[in-house]
Structure formats: structure tokens, C-alpha cells
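# Analysis of the macromolecular model
The residues making up each chain are set out below.
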Amino acid sequence: MASEDVKRTESAAVSTIVNLAEEAREGVKAPSYAFKSICKSLFAGGVAGGVSRTAVAPLERMKILLQVQNPHSIKYSGTVQGLKYIWRTEGLRGLFKGNGTNCARIVPNSAVKFFSYEQASKGILYMYRQRTGNENAQLTPLLRLGAGATAGIIAMSATYPMDMVRGRLTVQTANSPYQYRGIAHALSTVLREEGPRALYRGWLPSVIGVVPYVGLNFAVYESLKDWLLKDNPFGLVENNDLTIVTRLTCGAIAGTVGQTIAYPLDVIRRRMQMVGWKDASAVVTGEGRSKASLEYTGMMDAFRKTVRHEGFGALYKGLVPNSVKVVPSIAIAFVTYEMVKEVLGVEFRISD
């Protein structure tokens, strides 16, 4: 009997040790898996941002030049004329000027934005299910808007200095007094001449603008996809999924809605970013003639002066190239993100 008790005790001890070893091994695997999943998600978001922004770089530059040019010395009368002028005076490189800085900003911005949206969606959905007591509840369009707005604020704040110097690099033209030679030179010059606060000049209208812009992008895109998948009103569902063309269309609609509502804040942000730059007036006029004051005391002052001196329409300067740009850009970003995550073997249904 004693011998059998000893054997049973030894067997129980061995079993306990084996179980503990298994649990320890699983505990090691979990963080490793989670880390890989996070890296894949960030990588997919970064690729999506870089591909989508490079595809529309000429239109992005044209939009910014139209936003900040001096109304008393009009150089760019429209999108097509402006693009032709840049091609004639600066060549192909001129069309993509500032894109390196833009990608250096948009890649981490997009990575953080998509990842933040995933995490915010999961957190909001968890709290929503706890509050309603319904474990099968799904995100509503309003909750998606909140998750998108959260993601936009986090991503914008994390990469804003890069956006600020990108704006200044982009508006430099062939006839402008070149002050900045590149990203690093622009950052160091702004820090030295204007102080660290200058790197966040225009941050407030940017954050206010990013709430409806990014929030609506995600909310409209995800809601459209869910509606089409569940109801299939136009017969667009194939093999329980949407085609790439359908997803691109959803992204285009989402981008158009978001950018139209938030666009005036984008104009004010660009103008505030020019404040404090001693050659800004020369840059926005192109030739340095008819320099106009670029001093604003804050966001509301920038709104008042822009509307008073140039009219309400000035808040939508550059909207045409931006509209043409945003339709493919947002669409490409969403679809690229989902396709890269599919290739990497990561579940991309971020609304579940």
C-alpha cells in the first residue's frame, strides 16, 4: 500500500511538473505571437500609406501650393495649369518634390493609425458589449467614428513635426529662395530659429480636422462593407467577400465624405505652418513679389483673416486636386492594408 501511495504521489508530481512546463511554454509563445501580430499590422499599415501617397504625390503637392499661394500674386490658376507649369519649370522631380518627406511621415502615420484603429475598435467593442450585456453586439457606425477619431488623433500627434516640415519643403519652387535642403535640415533649422513649439504649429486645427476626416473614413468604409456583405443589395458579394473593385469604391466614397467636411481645417493648418518662416511670403508668391502678412495669433485668427481678405471660398482652395487625390489615395490605402494583412496571414476584419 505504501509503495502504491508513493507511486501515485510521484505520478501526480510528474503530471504537475509537465502541466507547469506546458503552461510556461504557452506563456512564452503568447507574447511572441502577439508581438509578431503587432509588427505585421504596423507593417501592413505602413505599406498601405507609402503606396497610396506616392501614387498621388503630384496632386498632393499641387493642393498645398494652391492652399498657400498669395492671392495678390496668383501663380497657379488651377490644377491642370499648375501641374503643367511644374512639369515645364521643374520636370518630373518637381511633381514628386516633398514626397520623400511625405512618405517618411505617412508610413509611420499610417502604421500607427491602422493599428490604433484596430486596438480602439476592440476596446470600444468590449466596453459596448459589457454595457449592453450582449456578447454578440457589433460596432455601430457611431462607435466606429469614435474609434477612427481616436486613431487619427494618436497618429497625427505622433508624426506632426514631419507633417509640418513636409508642408514647408513641398511649397518650395524652382524660383523660391531655398532655405531647406531636406528633412533633417528643415527640422534642425526650425528648431534652431523658431524653437520646438514651432514643430507643432497648426496642431490644433489638425487634430480638430482629423476627428471627422479619419473618423468618417473608417466609419463609412467599414459600415459600407458590412452593409454590402450582409444585405448584398447590388449582388457584389462573391464567395462571401467583396471584390477589390468594390472595396476600392467603398474607400473612395469614405475618403470623399471625410475630406470634404474637414478640408477648411486643412487649409488653416497649412497656413499656420508657414508662420515664423522668414522666406514663407517669397515662397508662396513664387517670385517674392507682393509679400503678404502670414502672421496669425491662432486658429480662429487664421480663419478670420483668410475669410476677410480672400472670401469664404479660400477655405476650399486646392479642393479639386485634393478631391481627385483623395479618391484613389484612401481607396488604395484601405485595400492595400487588407491585402498585405491577407498575405501575412493576419485577420483583417477589424470590425469584429
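What you are looking at is a predicted structure, and each value in this text was computed from that prediction instead of being measured.

### As for the UniProt feature "transmembrane region" (unreviewed entry) in the chain
- According to UniProt, the feature "transmembrane region" (unreviewed entry) maps to residues 202-224 and 244-265 in the numbering used here.
- Strand forms 0% of residues 202-224 and helix 96%; the C-alpha atoms that close the span are 32 Å apart.

### Some details on the packing of aromatic side chains
- Overall, the coordinates contain eleven aromatic pairs when judged by the stated rule.
- Ring geometry for Tyr160 versus Tyr200: centroids 5.7 Å apart, planes at 20 degrees, classification stacked. A residue pair is termed long-range when its members are at least 10 positions apart, and Tyr160 in helix 5 (residues 141-171) and Tyr200 in the loop between helix 6 (183-194) and helix 7 (203-231) qualify at 40 residues.
- The class for Tyr160 is buried, based on a relative accessible area of 0%.
- What makes Tyr200 partly exposed here is its relative accessible area of 36%.
- With a centroid separation of 5.4 Å and an interplanar angle of 85 degrees, the aromatic rings of Phe218 and Phe334 are classed as edge-to-face. With a gap of 116 residues between them, Phe218 in helix 7 and Phe334 in helix 11 (residues 319-343) connect regions that are remote in the sequence. Each member of the pair, Phe218 as well as Phe334, is classed as buried.
- Put simply, the rings of Phe114, Tyr117, Phe218, Tyr221, Phe334 and Tyr337 pair up and form one aromatic cluster.

### Quick look at a nonpolar patch on the surface
- Where nonpolar side chains cluster on the molecular surface, the patch consists of Tyr200, Trp203, Leu204 and Ile208 and spans about 340 Å² of accessible area.
- Looking at the element boundaries, Leu204 is found in helix 7.

### A word on the nonpolar core
- Counting 36 residues, the largest nonpolar core has Phe114, Val190, Phe218, Tyr221 and Phe334 as the members making the most contacts within it.
- Contributing elements (two or more residues each) for this core: helix 1 (2-55), helix 4 (99-132), helix 5, helix 6, helix 7, helix 8 (244-274) and helix 11.
- Those residues in contact with Val190 that lie beyond four places of it in its chain are Met164, Arg168, Tyr180, Gly195, Ala198 and Leu199.
- Counting eleven residues, the second-largest nonpolar core is a separate cluster that includes Val68, Tyr85, Ile86 and Leu95.

Definitions and limits used
Residues numbered from 1 in each chain as written. Predicted model: local features only at pLDDT ≥ 70, side-chain atom pairs only at ≥ 80, totals over all residues. Heavy atoms only, no water. UniProt positions renumbered as here; feature names shortened; annotations may be inferred. Helix = DSSP H or I, 4+ residues; strand = E, 2+ residues; numbered from the N terminus. Phe/Tyr/Trp six-rings, centres within 6.5 Å; stacked < 30°, edge-to-face > 60°. Buried < 20%, exposed > 50% of the residue type's maximum accessible area, 1.4 Å probe, protein only. Patch = residues over 30% accessible without salt bridge, like charges linked within 9 Å, V, L, I, M, F, W, Y side chains within 5 Å. Areas by Shrake-Rupley, 256 points an atom, 1.4 Å probe, with all protein chains shown as cover. Salt bridge = Lys/Arg side-chain N within 4 Å of Asp/Glu carboxyl O. Core = buried A, V, L, I, M, F, W, Y, C linked by side-chain atoms within 4.5 Å. Contact = heavy atoms within 4.5 Å.

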